[in-house]
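Now for the letters of each chain:
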Amino acid sequence: MDHNNIDQHPAMQTLVKGLRREYFLKLWLFVGLSAFGMLFLYAFFAHSIILSIFGLICTVLGLRFLFRLLRQDATEDSRLLHLLHHQPKQIVWVYSVVTERLPFGFQVARYGTMYFKLIDGDDIAVSLPIPQLKVVSKFLNRLLPHATFGYTKDREQWYIASPNMLLRDERGRDGELKW
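Anyway, here's the lowdown on the structure attached to this text.

Criteria and cut-off values
- Residues numbered from 1 in each chain as written.
- Predicted model: local features only at pLDDT ≥ 70, side-chain atom pairs only at ≥ 80, totals over all residues.
- Heavy atoms only, no water.
- Helix = DSSP H or I, 4+ residues; strand = E, 2+ residues; numbered from the N terminus.
- Buried < 20%, exposed > 50% of the residue type's maximum accessible area, 1.4 Å probe, protein only.
- Contact = heavy atoms within 4.5 Å.
- Areas by Shrake-Rupley, 256 points an atom, 1.4 Å probe, with all protein chains shown as cover.
- Core = buried A, V, L, I, M, F, W, Y, C linked by side-chain atoms within 4.5 Å.
- Axes fitted to C-alpha atoms, helices over the stretch in contact; angles between N-to-C directions.
- Parallel < 35°, antiparallel > 145°, perpendicular 65-115°, else oblique.
- Left-handed = near helix turned anticlockwise from the far one by under 90°.
- Nonpolar A, V, L, I, M, F, W, Y, C, P; charged D, E, K, R; others polar.

### Remarks on the overall build of the protein chain
At step 1: Of regular secondary structure, the protein chain possesses six helices and four strands.
At step 2: Order of helices (α) and strands (β) in the protein chain, N terminus to C terminus: α-α-α-α-β-β-β-α-β-α.
At step 3: Residues classed as buried in the protein chain amount to 36% of the 179 residues present.
At step 4: Taking as baseline every contact in the protein chain between residues at least 6 positions apart, the subset at least 24 positions apart corresponds to 55%.
At step 5: Carbon and sulfur atoms form 60% of the exposed surface of the protein chain, whose accessible area is close to 11,400 Å².

Now the structure itself:
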């Protein structure tokens, strides 16, 4: 597929939005950590050296992570987008998980996460809207014909044993091993 066509596809736009959302959540988290640390430092500077040091540590860590995050663009430096565009064979297994929070039987939250398992044993996770998971998965199925899609305990064991076992080139179309 052409890179321009890939980037314009609605499923790819959904992935990019998910990556941007995670970027901005990290941004706000690091700003909040820095502000919390500064507030702690200010509030306890004259009263408690230990709490002042704690505030200083929070401020320094928050600013360090914040500056590291700001050096990269929301999606330009994304490892996932780089792999999809330039090294798609590195992705061997893709599956999604829907998590529901049901305290006392009442649904409080529902969200989906798409996992990309890589040939080097690493993984990438992206939070996506639940209605879009199937659309993105179908798009990725065409973009990554060599990768295995869907989660099973057997696939997890194969991935732990050797990520190469999940490449479709070594497997049949139905995902079963060829003997």
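### Concerning the nonpolar core
At step 1: Ranked by internal contacts, the top residues of the largest apolar core, which has 26 residues, are L15, L84, I91, F116, L140 and L144.
At step 2: Contributing elements (two or more residues each) for this core: α2 (10–44), α4 (79–86), β1 (91–101), β2 (109–118), β3 (123–128) and α5 (130–143).
At step 3: Not counting the four nearest positions on each side in its chain, L144 is found in contact with L84, P88, I91, V94 and F149.
At step 4: By size, the runner-up hydrophobic cluster in this structure holds seven residues, among which are V92, W158, Y159 and L166.

### Structural notes on the packing of α2 against helix α3 (residues 49–70)
At step 1: It is at 7 Å that the axes of α2 and α3 come closest, and there the two elements cross at 155 degrees. Regarding the angle of α2 to α3, the classification is roughly antiparallel. Here α2 and α3 pass one another in a crossing that is left-handed.
At step 2: Each residue belonging to the contact of α2 with α3 can be placed in one class, and the counts come to 20 nonpolar, six polar and one charged.

### Some remarks on the environment of M165
At step 1: With respect to the helices and strands, M165 occurs in the segment after α6 (153–161).
At step 2: Residue classification places M165 among the partly exposed residues on the basis of a relative accessible area of 23%.
At step 3: A C-alpha to C-alpha distance of 9.6 Å links M165 and I119, two positions 46 residues apart in sequence.

Everything listed is a geometric property; what it means functionally is a separate question.
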